[in-house]
Number of protein chains: 2
Amino acid sequence: MTISDPARIATPAPARWTGFLLARAHLRAHAMFQDALSPLALTPKSFGSLTVIAEQGPLSQAALGEMLRIDRTTVVAVVDELERAGYVERGRDSADRRVHSLRATGAGREALRAAERIADSMQAELLEDLDPDEREQLHSLLARIAG
Amino acid sequence: MTISDPARIATPAPARWTGFLLARAHLRAHAMFQDALSPLALTPKSFGSLTVIAEQGPLSQAALGEMLRIDRTTVVAVVDELERAGYVERGRDSADRRVHSLRATGAGREALRAAERIADSMQAELLEDLDPDEREQLHSLLARIAG
DNA sequence: TATTGTTATACTCTATAACTATA
DNA sequence: TATAGTTATAGAGTATAACAATA
């Protein structure tokens, strides 16, 4: 076997480290979701933001950022994007006029439903080798180390 | 409860989606490893590269890139970094003179041992809430969805 | 013609600093 | 003084295209 033999390429990466397994699984999931959601003008990040705004809105940009661990300057860009697509509106909070109170529009809720259907089928593909118990175990374990 | 009430901030992100859980867990693990390895002039990526080179070297840059799913132009930068630190050497493959055959130096193997000790304690912190069976389950499940 | 490695370049993502308007 | 949001800017990280050397 020479150095450049293709047989060596299949050898798995350092599987002892949780971090590498997480990086690989995340890389794959992210690429799948990004491709699948692009027709709706959504990225994984803006999809997550739209989900939170639709389910928990109205809420401030600061609250959104803390929930999704997104820096407030990045939140501005994400909300700009969602607003440009017509999925989210920036309102004013009557109690605190500094705050932009975010809420999903009708089109935003429609896009979200479509995105969820796509995401469900992506997730089915991602988890195709796992039975329902294993899927639940994976979610539970990930939630416990997510911090 | 007002829009900007801090109590809302603790609410978890869309936990139904594997991708979000993976993103969170990966974000945390990456930050922990990056901080912990920086005194050794290693990043998570160069640590992974050094691991592969030490365990499977000598090997070509192309093989390293395919194993770690790193683009070949990025491999150049990572190997530059490891070579500058004195951890890796670029040799020539006598059978194919296009190939750079990578191997770890003595200093590289020493740094790798030190990095592994640090990574082990980071991993213990990352997985502190999981018992040994659960840690093994998590690794097994992640490996099966990593693609 | 195809592949290995390299460089130059551009693009995405994210964070830092400085600002405004409000509190 | 502190916070919400904004802008400008800079820094990672990564990918694309074009090239030289070799197969």
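Residues numbered from 1 in each chain as written. Chains lettered and ligands numbered in written order. Predicted model: local features only at pLDDT ≥ 70, side-chain atom pairs only at ≥ 80, totals over all residues. Heavy atoms only, no water.

Draft legend 1. Here's a closer look at the interface of chain A and chain B. Each side of the interface is counted separately: chain A has 60 residues, and chain B has 60 residues. At the boundary of chain A with chain B, total buried surface from both sides reaches about 5,800 Å², with 65% on carbon and sulfur atoms. The interface formed by chain A and chain B includes four salt bridges. Close ionic contact of B:R16 with A:D120 constitutes a salt bridge, the shortest N to O distance being 2.5 Å. For the pair chain A and chain B, the number of links is 17 residue pairs in polar contact (both at pLDDT 80 or more). Those elements that place two or more of their residues in the side of chain A that touches chain B are α1 (18-37), α2 (44-56), α3 (61-68), α5 (106-126) and α6 (132-145) of chain A. (Contact = heavy atoms within 4.5 Å. Buried area = accessible area lost by both parts, 1.4 Å probe. Salt bridge = Lys/Arg side-chain N within 4 Å of Asp/Glu carboxyl O. Polar contact = N/O pair within 3.5 Å; in protein donor to acceptor, adjacent residues only side chain to side chain. Helix = DSSP H or I, 4+ residues; strand = E, 2+ residues; numbered from the N terminus.)

Draft legend 2. Quick look at helix α4 (residues 72-84) of chain B. All names here are of chain B. Here α4 contains 13 residues, and its C-alpha end-to-end distance of 18 Å stays within 8% of the 18 Å for a straight helix at 1.5 Å per residue. All buried positions along α4 are accounted for by V75, V78, V79 and L82. For α4, the arc enclosing every buried residue in end-on projection is 95°, short of the 170-degree limit, so these residues lie on one face. Exposed and oriented more than 90 degrees from the buried face of α4 are T73 and R84. (Expected span 1.5 Å × (residues − 1). Buried < 20%, exposed > 50% of the residue type's maximum accessible area, 1.4 Å probe, protein only. Arc of directions from axis to C-beta.)

Draft legend 3. A look at the relation of the copies chain A and chain B. The transformation that overlays chain A on chain B combines an axial shift of 0.0 Å with a rotation of 180°, and the residual RMSD is 0.0 Å. This pairing of chains is accounted for by a two-fold axis. By residue overlap, the copies meet face to face through one surface: 100% of the interface positions of chain A are interface positions in chain B. (Least-squares fit on C-alpha atoms with pLDDT ≥ 70 in both.)

Draft legend 4. Quick peek at the protein's contact with DNA strand D. A:Q61, A:A62, A:R98, A:H100 and B:K45 are the nearest of the 19 residues found near DNA strand D. In this structure, a base nitrogen belonging to DNA strand D sits 3.2 Å away from a side-chain N or O atom of A:R72. Secondary structure elements with two or more residues in the surface near DNA strand D: α3 and α4 (72-84) of chain A together with α4 of chain B. Grouping the constituent residues of the surface near DNA strand D by class yields three nonpolar, seven polar and nine charged. (Near = heavy atom within 4 Å. Nonpolar A, V, L, I, M, F, W, Y, C, P; charged D, E, K, R; others polar.)

Draft legend 5. Region of interest: the protein's contact with DNA strand C. The local shell around DNA strand C holds 19 residues, among which A:K45, B:Q61, B:A62, B:R72 and B:R98 are the closest. The sugar and phosphate moieties of DNA strand C supply 60% of its atoms located within 4 Å of the protein. Within the side chain of A:T73, a nitrogen or oxygen atom sits 3.4 Å from a base nitrogen of DNA strand C. One nitrogen or oxygen atom from the side chain of B:Q61 is found 2.9 Å from a phosphate oxygen belonging to DNA strand C. When residues of the surface near DNA strand C are traced back to their parent elements, those giving at least two are α4 of chain A together with α3 (61-68) and α4 of chain B. Tallied by class, residues from the surface near DNA strand C come to three nonpolar, seven polar and nine charged.

Draft legend 6. Broad picture of the nonpolar core. With 90 residues, the main nonpolar core has A:L64, A:L138, A:L142, B:L64, B:L138 and B:L142 as its most contacted residues. Apart from residues lying up to four places away in sequence, B:L64 is in contact with B:S49, B:V52, B:I53, B:L59, B:V75, B:V79 and B:L102. (Core = buried A, V, L, I, M, F, W, Y, C linked by side-chain atoms within 4.5 Å.)

Draft legend 7. Broad picture of the side chain of A:E134. Assignment of secondary structure puts A:E134 in helix α6. Separated by 3.1 Å, the side chains of A:E134 and B:R144 make a polar contact.

Draft legend 8. Representation of the environment of B:Y87 in the model. Residue and element names in this part refer to chain B. Following the sequence through the fold, Y87 ends up in the loop between α4 and β1 (88-92). In this structure, Y87 is in contact with L40, L42, L50, L82, R103, A104, T105, A107, G108 and A111, ignoring residues within four places of it in sequence. In terms of polar contacts, Y87 uses its side chain to reach the backbone carbonyl oxygen of L40, at 3.0 Å.

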